[in-house]
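Now for the letters of each chain:
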Amino acid sequence: MGLPMAVDATPSREQGRLAARLRERDPEALREVYERCGRVCFGFLLKALGDRGAAEDVQQQVFLEVWRRAPAYDPERGSLLTWVMTIARSRAIDHKRRRVPEPLDPDTAASAAESGTTVESEVEALAERWRMRALLGQLPEAESALLRMRFYAGLTQSEIAAREDIPLGTVKTRMFNGLRRLREMIETEDER
Amino acid sequence: MSEARDQISSYLLGELGPAEASAFERQLAEDPALRAEVDGLRSVVARLDELPEEAWAPPEPPPLQMPDDAAGEPRRTRRRRLLRLPTLTLRPAAAGGLAALLLAIGIAAGVLIDSGSGNAPASADLVLSRIDDGPAGAHGDVLVAGDAREATLELAGLDPTGPDNFYELWLLDEDGRMIALGSFPVGGDGKAEIELPLPVEPSRYRYFDVSLQEDNGDPAHSGVSVLRGPTSS
């Protein structure tokens, strides 16, 4: 078929520089990470924990951990946002597990263990969906806006073309490029 | 080449007609490279379809509290004027029943304040009037930017929100379609000024609607509308 390679899913230099500044203990770098990742991370925590107060508490824990573990972060092993989301997932699971009462007898213990497994799998699945959201944020604006119109607002490609006053062919090309770029980002992250 | 690419997105999004889809599927059967491309993108489309509604517009996070050992003066993160973005978007099926009830209650008032018809003009300044459960003196307007991609909401005379409730702006229609545009608190002065993106053109819906929502995790319209106005002047 020979479709052209239209996308580049390699980590940006900017992200690498930000990671380096984090490792050098630059507080401004932490603020920048928060600007970039705070919103998606908080959205995930709010959904996972179902309680705004708890989500705010865990959000602070996550970024405290980002700060403390920054020297160990290797951008070659995953994007910054993926790393932050990995920490957020772990802290969300910890938080939900702490809310499970201590088992008093074998039956309760078995039930609690099962509940813990369920909690973990639920949070994992949710984190995976939010990881997709995080990747969306790394797309060029023209492509992410178009995907938003299609998958969030439910517009067809023709409706998008009319709304944006651009040719339908341009919409289809951007749609294809956006989907393909996302696929390559997923593959890149999975390979790390 | 370009045609195949265009057809891939249309096929995956279910936008090909039956004859076109059949022809494309025959092409898929004969072209392993095309098939691999489509299979790879199909999972991306599925993931996007599964994305939680609130993920498209995540809520504003709390300000960052800098760790004690971080040098420098702590700086609060820049807060946008829209404090909490939509928790509900296009959910006609789920919201239909409630919307029908909501509209049954509010439609008379909506018709009364709907003074015009047709598409919203460029840079439309649209009036919101109190209805139903709105406090006396509540009023506001929506300034829709010329390209219909952003709007500024200015409200006054509203009851202040507390820790357990907030206001939400919607676009809604008589047939139950509705879309949440964003939510926000109101302080003691009863005023709010909010800038927000518009994911769809407002003229696709009949009304702007401001509801008072309980912060109970339910993303549906509460049925408690306080202000409403037409999407066209």
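What you are looking at is a predicted structure, and each value in this text was computed from that prediction instead of being measured.

**Concerning the overall build of chain B**
And step 1. Of the regular secondary structure elements, chain B holds four helices and eight strands.
And step 2. Ordered by position from the N terminus, the helices and strands of chain B form the series α-α-α-α-β-β-β-β-β-β-β-β.
And step 3. Burial statistics for chain B: of 233 residues in total, 38% are counted as buried.
And step 4. At a minimum sequence separation of 6, the contacts of chain B that also span at least 24 residues come to 66%.

**Focus on the overall build of chain A**
And step 1. Counting secondary structure elements, chain A contains eight helices and zero strands.
And step 2. Listing the helices and strands of chain A from first to last along the sequence gives α-α-α-α-α-α-α-α.
And step 3. Expressed as a percentage of the 192 residues in chain A, the buried residues total 39%.
And step 4. Counting only contacts in chain A whose residues sit at least 6 apart along the sequence, the fraction spanning at least 24 positions is 69%.

**Re the confidence of the model for chain A**
And step 1. Residues at a pLDDT of 70 or more form 82% of chain A, whose mean pLDDT is 81.
And step 2. The element-level mean pLDDT for chain A is lowest in helix H5 (residues 106-136) of chain A, coming to 72, with helix H7 (residues 157-164) of chain A highest at 93.

**Regarding the sheet that holds strand E7 (residues 207-214) of chain B**
Residue and element names in this part refer to chain B.
And step 1. With antiparallel pairing, eight strands are arranged side by side in an open sheet as E5-E4-E7-E8-E1-E2-E3-E6. Strands at the two margins of the open sheet, each flanked by one partner only, are strand E5 (178-184) and strand E6 (192-197). Going across the sheet, the axis of each strand differs from the next one's by a mean of 25°, ignoring polarity.
And step 2. Here strand E4 (residues 165-172) pairs with E7 via eight bridges, running antiparallel. Residue pairing for E7: Trp170 is matched across the bridge by Asp209.

**Quick look at the nonpolar core**
And step 1. Counting residues in hydrophobic clusters, the biggest one holds 63 residues, and the most contacted among them are Val33, Cys41, Phe44, Leu45, Val84 and Met85 of chain A.
And step 2. The element best represented in this core is helix H2 (residues 27-49) of chain A, accounting for 13 residues.
And step 3. When near neighbours in sequence (up to four residues on either side) are disregarded, Val33 of chain A contacts Leu18, Leu22, Val66, Leu80 and Val84 of chain A.
And step 4. In this structure, Trp170, Ala192, Phe208 and Leu227 of chain B belong to the second largest nonpolar core, which totals 34 residues.

**Section: the interface of chain A and chain B**
And step 1. With 46 residues of chain A at the contact, the number on the chain B side is 46 residues.
And step 2. Sorting the residues of the side of chain A that touches chain B by element identifies H2, helix H3 (52-69), H5, helix H6 (141-151), H7 and helix H8 (168-191) of chain A as the ones contributing at least two each.
And step 3. It is H2 of chain A that contributes the most residues to the side of chain A that touches chain B, 12 residues altogether.

**Description of the pairing of E4 of chain B**
Residue and element names in this part refer to chain B.
And step 1. Counted residue by residue, E4 has six buried out of eight residues, so it is predominantly covered.
And step 2. Direction of pairing for E4 relative to E5: antiparallel, over a ladder of six bridges. Bridging across to E5, Glu168 finds its partner in Ser183.
And step 3. Between E4 and the antiparallel strand that follows it, E5, lie five residues; Gly176 among them carries a positive phi value of about 95°.

**Points about the pairing of strand E2 (residues 139-144) of chain B**
All names here are of chain B.
And step 1. Every second residue of E2 is oriented toward a common face, the buried set being Gly140, Val142 and Val144 and the non-buried set His139, Asp141 and Leu143.
And step 2. Sheet topology places strand E1 (residues 124-130) next to E2; six bridges connect them, and they run antiparallel. Paired with Ser129 across the strands is His139, a residue of E2.
And step 3. Here E2 runs beside strand E3 (residues 150-156); their pairing, made up of six bridges, is antiparallel. If you follow Val142 over to E3, its bridge partner there is Leu153.
And step 4. In this antiparallel pair of consecutive strands, E2 and E3, the connection spans five residues, and Ala148 shows a positive phi of 60°.

**Quick look at the packing of H6 of chain A against H8 of chain A**
Geometrically, a packed helix pair is captured by the angle between its two axes and the distance between the axes.
Residues and elements named next belong to chain A.
And step 1. Running from amino to carboxyl end, H6 crosses H8 at an angle of 100°, the nearest separation of the two axes being 9 Å. As summarised for this structure, H6 and H8 are arranged roughly perpendicular, according to the angle between their axes. Mapping the contact onto sequence places Ala142, Glu143, Ser144, Leu146, Leu147 and Arg150 in H6 and Val171, Arg174, Met175, Asn177, Gly178 and Arg181 in H8.
And step 2. A per-class count over the contact of H6 with H8 returns five nonpolar, three polar and four charged.

**Some points on the confidence of the model for chain B**
All names here are of chain B.
And step 1. The predicted model of chain B averages 75 in pLDDT, with 74% of residues at 70 or higher.
And step 2. Between residues 73-105, whose pLDDT stays under 50, and residues either more than four places distant or in other chains, the model counts 73 contacts.
And step 3. Predicted confidence for residues 107-121 stays below pLDDT 50, and this span has 27 contacts to residues more than four positions away or in other chains.
And step 4. Predicted complex metrics record ipTM = 0.75 and pTM = 0.55.

**Description of H2 of chain A**
All names here are of chain A.
And step 1. With 23 residues, H2 extends just 28 Å between its outermost C-alpha atoms, more than 12% less than the 33 Å of an ideal straight helix rising 1.5 Å per residue.
And step 2. For H2, the principal kink sits at Cys37 and spans about 55°.
And step 3. Burial of H2 is extensive: 18 of the 23 residues sit out of reach of the surface.
And step 4. Looking at the residues trailing H2, positive phi occurs at Gly50, about 70°.

What counts, and at which threshold
- Residues numbered from 1 in each chain as written.
- Chains lettered and ligands numbered in written order.
- Predicted model: local features only at pLDDT ≥ 70, side-chain atom pairs only at ≥ 80, totals over all residues.
- Helix = DSSP H or I, 4+ residues; strand = E, 2+ residues; numbered from the N terminus.
- Buried ≥ 20, exposed ≤ 12 C-beta atoms within 10 Å, placed from the backbone.
- Contact = placed C-beta atoms within 7 Å.
- pLDDT = per-residue confidence, 0-100.
- Pairing = 2+ DSSP bridges.
- Axes fitted to C-alpha atoms, helices over the stretch in contact; angles between N-to-C directions.
- Core = buried A, V, L, I, M, F, W, Y, C linked by C-beta atoms within 7 Å.
- Parallel < 35°, antiparallel > 145°, perpendicular 65-115°, else oblique.
- Nonpolar A, V, L, I, M, F, W, Y, C, P; charged D, E, K, R; others polar.
- Expected span 1.5 Å × (residues − 1).
- Bend = angle between axes of the 7 residues up to and from the residue.

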